[in-house]
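# Report on the structure
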Amino acid sequence: MARLDRGPVSGAACGPDMPAIEVRSLSFAYPGADAAVLEGLDWSVPQGAFALLVGGTGSGKSTLLSLLKPEIAPAGERTGDARVLGENVADMDVRASAERVGYVFQDPENQIVCETVWHEMAFGLENLGVSRDEMRRRVAETSYFFGLEDWLHRDTDTLSGGRKQLLSLAAVLALRPRVLLLDEPTSQLDPVAEKNFLHALFRVNRELGCTVVVATHQPRPMLEYATCAYRIEGGRVCEVADIASLGHREELFSDEVSGWGASRRAKNGVFSSASGQLGSLDPRTGAPGAEKGLKSDKSGEFEAQILPQDDSGASSRAGGCRILPKMHAGPATTLAGSWFRYDRASGWVLRGLDAAFSAGAVHAVVGGNGCGKSTMLSVLAKTVKLQRGHMERGAGSAALLPQNPKALLVAETVRDELMEWASTCGYDEAAARERAASLGLSGLDGRHPYDLSGGQRQLLALAKLLLIGPELLLLDEPTKGLDLASRRIIACALRDHAKAGGTVIMATHDLDFAEQVADDIAMMFDGEIACMEPPTDFFADNVFYRA
Amino acid sequence: MPVDNIQEEFGGEPVAAFSMSHPAVPALYIVLTLGLTMFSMQPVLIALSLAGGLAYGFATRGAAHTLGALRWQLPVILIIALVNPLFSASGSTELFRIGMRVVYLESMVYGLCMGGLFVASVLWFEAAASMLEYDKVLALLGNAAPVIALMISMCMRLIPQFLRRGRTVLAVQDAIDVPGRAPTDPVRSRLRASSVLMGWGMEDSLERADAMRSRGWGAATRRTTYARYRLGRSDVAALVELALFGAAAVAVAWTATTQYSFYPQLSVPAPWLGYAVYAAWMVLPCVLHAIDEKRFG
């Protein structure tokens, strides 16, 4: 594939010194909004850069990116000037924009249009009326570049999320854009797929010379590829001088509590100190102090109750076994000799799986895609039946939070949503309001659930389930794509639920979250639980699979 | 492509006839064959068509599958053969009487032929599905109606997604297990699921529309269509040959059908070279399949 920056450039003249993106005093306000999202924003990205655009939810990252694509720019009041490769964005028609600026969206499900992989690759080219021979050539070379010729004939619906997102990237690249904008492209992917995607993106940047701008609230995995980073805050953009500083791990529980957090680190230090001596740029080793103190003051009391009082050498082991029998532990939820497959022709998803999940604790189940995590949750939720073995549910009631909260949302307003099961499950509006407030949803009563941010939507779904008071709470990827604020709220809610005696079982790819929130972590592999240990031991013994 | 991939993709799947041609070639064959089968009401032609369809079924889908289908196909032929005389009491050879109705041999044979014609048509439709897979139809359609071809492709993409989501919504509803909660009424829970799906789908469609626009949807006045098939010289030659062969088969069918009559008395078909042409046409995909099989060992 030819380098995109050496290709002929139509439109405005464009020297190597010209910035890929240049924005001058850009302001934007949504219709009917009190305050502007962007205000007098100046921003310039050099050609060939791999730029990160970081900022919290609602900071205007997506708005800024979409203002550079006139055909998807939101309606609203806009002043100022935006240029891509010297050409005013306002003057670009659909064709020019598609050919020059590529855009990859967040959700792999929603941006794929066609049924088969090859048709999806050709979709943009068909739109532009490219001749058949030229299309063949472009689809062929793009497929080779991304190594997707092996699944060229697959139905897009059968692909994993990671492959879907890679396909979206390839389909955009087939149009040979010089600038690529990506809005949270990896937030819906598991860590392995995320690395694959970022590596492909890195090759697009370095080998093809395509300028890449990634908007994200989780910049950590991208730091090694980035050449520059910008922070968007208060409607303005400023450059982040020290990119490595974006890599520190955010703590979910903010207050320092000495104890098992620190001892946990001591044990983990086997690896981190070694890499530190080698002068690694691993941002985690740069800020060891920030990694201490994992518990909020709320659970401090809980800590004191169950922690061994002496912080002796054995504490790291003991620290993991925080659930002592004297806690009001109900009967455990167990799976014994469980075998399950979806039909006769397909392979076993669960193969003689044994597991016990104690009450009053948060259990994390981790493992690669298709290892059977979600299937196990379905078994525990009694939506599928084991073919052999048996499942015993210690809890009297249960609920399942699906991967996508949209599967739970049915009402027109947040208030109606929370009250949907009020009469059947016996709670009143005051309880609903209190629950909403505890999950940071107060003041949103009249909003439509689909107008909320992704994080708020997830919290709303969780609030809805917590209101019915399930003793056993099953969660499938509860933190997928969420920003720090929402992850913190969920972390506290899960801890509180366990503290009240409930059983929490979550399938997750978010090792960071599992490490800080769970009492034990089970790794699923090949239809079995390969190991189930407290986080400290789990991460101490893992070499490859780490938070 | 590495060897294991070829096996993965084609392992166990027999190669359909005309698989190496442009889709226009099997399309022409299928259209002509279905036309010949459905409009030739003549016992010999029906028997030949039925035999050809069965042979192709045996070759590509295996004996078990084809014989299994005969379990319902044969009774259908028999039922039509028995029912037809009850509705059309014409003919000259009286077999027996049911009450006041006379059952004639002629109308029973007519029914038998109708049944055979019906089953032969079903068999050829199945053959059509194996020769003209979905993406080949799309390639044929794409030339004439690119937007319709895209709409079909989008629907094929969204239907499985919609079904999968529907199952998720129902599973999440079922997973809610609270003591004292009345069991959900299946009708209401389906209604709820459909309204969840509606909101979900509409929300997603906004983003999909953006994704389409950002890749140049509506930029050109006429979309082009990516096709995996090229109409080569050999395809054109095959089309011409098929057209000539087909014309001969149509002529045979026309002659044989117009000369044949069921009523008032069955005519007796005489041996005729034309039948050989018709038989050759019907057995053509089977022969092509055999050649393919031999080539691949």
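The following refers to the structure shown. Nothing here was measured: the structure is a model prediction, and the numbers come from that model.

Before going further, it helps to examine the overall build of chain A. Within chain A one finds 18 helices and 19 strands. Residues classed as buried in chain A amount to 56% of the 547 residues present. Within chain A, contacts between residues at least 6 apart in sequence are counted, and of these 71% link residues at least 24 apart. When the accessible surface of chain A is split by element, carbon and sulfur atoms take 50% of a total near 21,300 Å².

Remark: the centre distance and the inter-plane angle together describe each pair of aromatic rings, the angle taken between the planes. All chains considered together, the criterion is met by 19 aromatic pairs over all chains. Ring centres 4.7 Å apart and planes at 50° place the aromatic pair Tyr103 of chain A and Phe105 of chain A in the tilted group. Like Phe105 of chain A, Tyr103 of chain A is buried. Ring centres 5.5 Å apart and planes at 80° place the aromatic pair Trp272 of chain B and Tyr275 of chain B in the edge-to-face group. A relative accessible area of 39% means that Trp272 of chain B is categorised as partly exposed. Joined through ring pairs, the aromatic side chains of Phe18, Tyr29, Trp124, Phe245 and Trp281 of chain B make up one cluster. In this structure, Arg203 of chain A is placed above the aromatic ring of Phe145 of chain A, and the distance from its NZ or CZ to the ring centre is 4.2 Å. Taking NZ or CZ as reference, Arg341 of chain A lies 4.2 Å from the ring centre of Trp348 of chain A, over its face.

Turning to the pattern of salt bridges, a few remarks are in order. Residues and elements named next belong to chain A. For the coordinates displayed, the defined rule picks out 35 salt bridges over all chains. Note that Arg100 is salt-bridged to Glu87, the shortest N-O span being 2.1 Å. A residue pair is termed long-range when its members are at least 10 positions apart, and Arg100 in helix H2 (residues 94-100) and Glu87 in strand E5 (residues 87-88) qualify at 13 residues. The same class applies to Arg100 as to Glu87, namely buried.

Turning to the sheet that holds strand E12 (residues 350-357) of chain A, a few remarks are in order. All names here are of chain A. Spatial strand order, E12-E11-E14: three strands in an open sheet with antiparallel pairing. Looking at the sheet topology across the chains shown, the edges are occupied by E12 and strand E14 (388-392). Pairs of neighbouring strands in the sheet enclose a mean axial angle of 10°, with direction left out of account. Summarising the sheet, strand E11 (residues 333-340) and E12 pair through six bridges and their orientation is antiparallel. Pairing of Phe340 across the sheet is with Leu350, part of E12. Sitting on the sheet, helix H11 (residues 373-380) touches E11, E12 and E14, and the angle it makes with E12 is about 65°.

Turning to the sheet that holds strand E19 (residues 528-533) of chain A, a few remarks are in order. Residues and elements named next belong to chain A. The six strands are arranged E15-E16-E17-E13-E18-E19 in an open sheet whose pairing can be described as mixed. Each end of this open sheet is capped by a strand with a single partner; those strands are strand E15 (398-401) and E19. Each neighbouring strand pair of the sheet contributes to a mean axis angle of 20°, computed without reference to strand direction. Bridging between strand E13 (residues 361-366) and strand E18 (residues 520-525) involves four bridges; their strand directions are parallel. Within the sheet, the bridge partner assigned to Val365 lies in E18 and is Ala522. Seen against the sheet, helix H16 (residues 484-499) touches E13, strand E16 (472-476) and strand E17 (503-507) and runs at an angle of roughly 145° to E17.

One broad rule of soluble globular proteins: the nonpolar side chains tend to lie buried together. All names here are of chain A. Ranked by internal contacts, the top residues of the largest apolar core, which has 53 residues, are Tyr427, Leu462 and Leu494. When residues of this core are assigned to their parent elements, the largest contribution, eight residues, is made by helix H15 (residues 454-467). For Leu462, the contacting residues outside a window of four places in its chain are Leu401, Leu439, Leu473, Leu475, Ile490 and Ala493. Val104, Trp151, Val172 and Tyr225 belong to the second largest nonpolar core, which has 51 residues in total.

So, about the interface of chain B and chain A. The interface is formed by 54 residues belonging to chain B together with 66 residues belonging to chain A. Between chain B and chain A the total buried area reaches about 5,500 Å² when both faces are included, carbon and sulfur atoms providing 54% of it. The largest per-residue losses of area from chain B upon contact with chain A belong to Arg157, Arg215 and Tyr226 of chain B, which jointly make up 17% of the total buried on that side. Here chain B and chain A share nine salt bridges between them. The salt bridge partner of Lys406 of chain A is Asp204 of chain B, with a shortest N-O separation of 3.1 Å. Where chain B touches chain A, the interface holds 33 residue pairs in polar contact (both at pLDDT 80 or more). By residue number, the principal contributor to the side of chain B that touches chain A is helix H7 (residues 146-175) of chain B, which donates 15 residues. When its residues are assigned to classes, the side of chain B that touches chain A shows 23 nonpolar, 11 polar and 20 charged.

On to the packing of helix H3 (residues 117-127) of chain A against helix H4 (residues 132-146) of chain A, then. All names here are of chain A. As a packed pair, H3 and H4 sit with axes 10 Å apart at the nearest point and diverge in direction by 145°. Where H3 crosses over H4, the handedness of that crossing is right-handed. For the pair formed by H3 and H4, the contact residues are Met121, Ala122, Leu125 and Glu126 on the first element and Met135, Arg138, Val139, Thr142 and Ser143 on the second. When its residues are assigned to classes, the contact of H3 with H4 shows five nonpolar, two polar and two charged.

Residue Pro264 of chain B is reached from Tyr263 of chain B by a cis peptide bond, and omega for that bond is -10°. Along the polypeptide, Pro264 of chain B turns up in the loop between helix H9 (233-259) and helix H10 (273-295). The phi dihedral of Lys382 of chain A is positive, around 60°, even though this residue is not glycine. Using a relative accessible area of 53% as the deciding quantity, one classes Lys382 of chain A as exposed.

Parameters and conventions
Residues numbered from 1 in each chain as written. Chains lettered and ligands numbered in written order. Predicted model: local features only at pLDDT ≥ 70, side-chain atom pairs only at ≥ 80, totals over all residues. Heavy atoms only, no water. Helix = DSSP H or I, 4+ residues; strand = E, 2+ residues; numbered from the N terminus. Buried < 20%, exposed > 50% of the residue type's maximum accessible area, 1.4 Å probe, protein only. Contact = heavy atoms within 4.5 Å. Areas by Shrake-Rupley, 256 points an atom, 1.4 Å probe, with all protein chains shown as cover. Phe/Tyr/Trp six-rings, centres within 6.5 Å; stacked < 30°, edge-to-face > 60°. Lys NZ or Arg CZ within 6 Å of the ring centre and 35° of its normal. Salt bridge = Lys/Arg side-chain N within 4 Å of Asp/Glu carboxyl O. Pairing = 2+ DSSP bridges. Axes fitted to C-alpha atoms, helices over the stretch in contact; angles between N-to-C directions. Core = buried A, V, L, I, M, F, W, Y, C linked by side-chain atoms within 4.5 Å. Buried area = accessible area lost by both parts, 1.4 Å probe. Polar contact = N/O pair within 3.5 Å; in protein donor to acceptor, adjacent residues only side chain to side chain. Nonpolar A, V, L, I, M, F, W, Y, C, P; charged D, E, K, R; others polar. Left-handed = near helix turned anticlockwise from the far one by under 90°.

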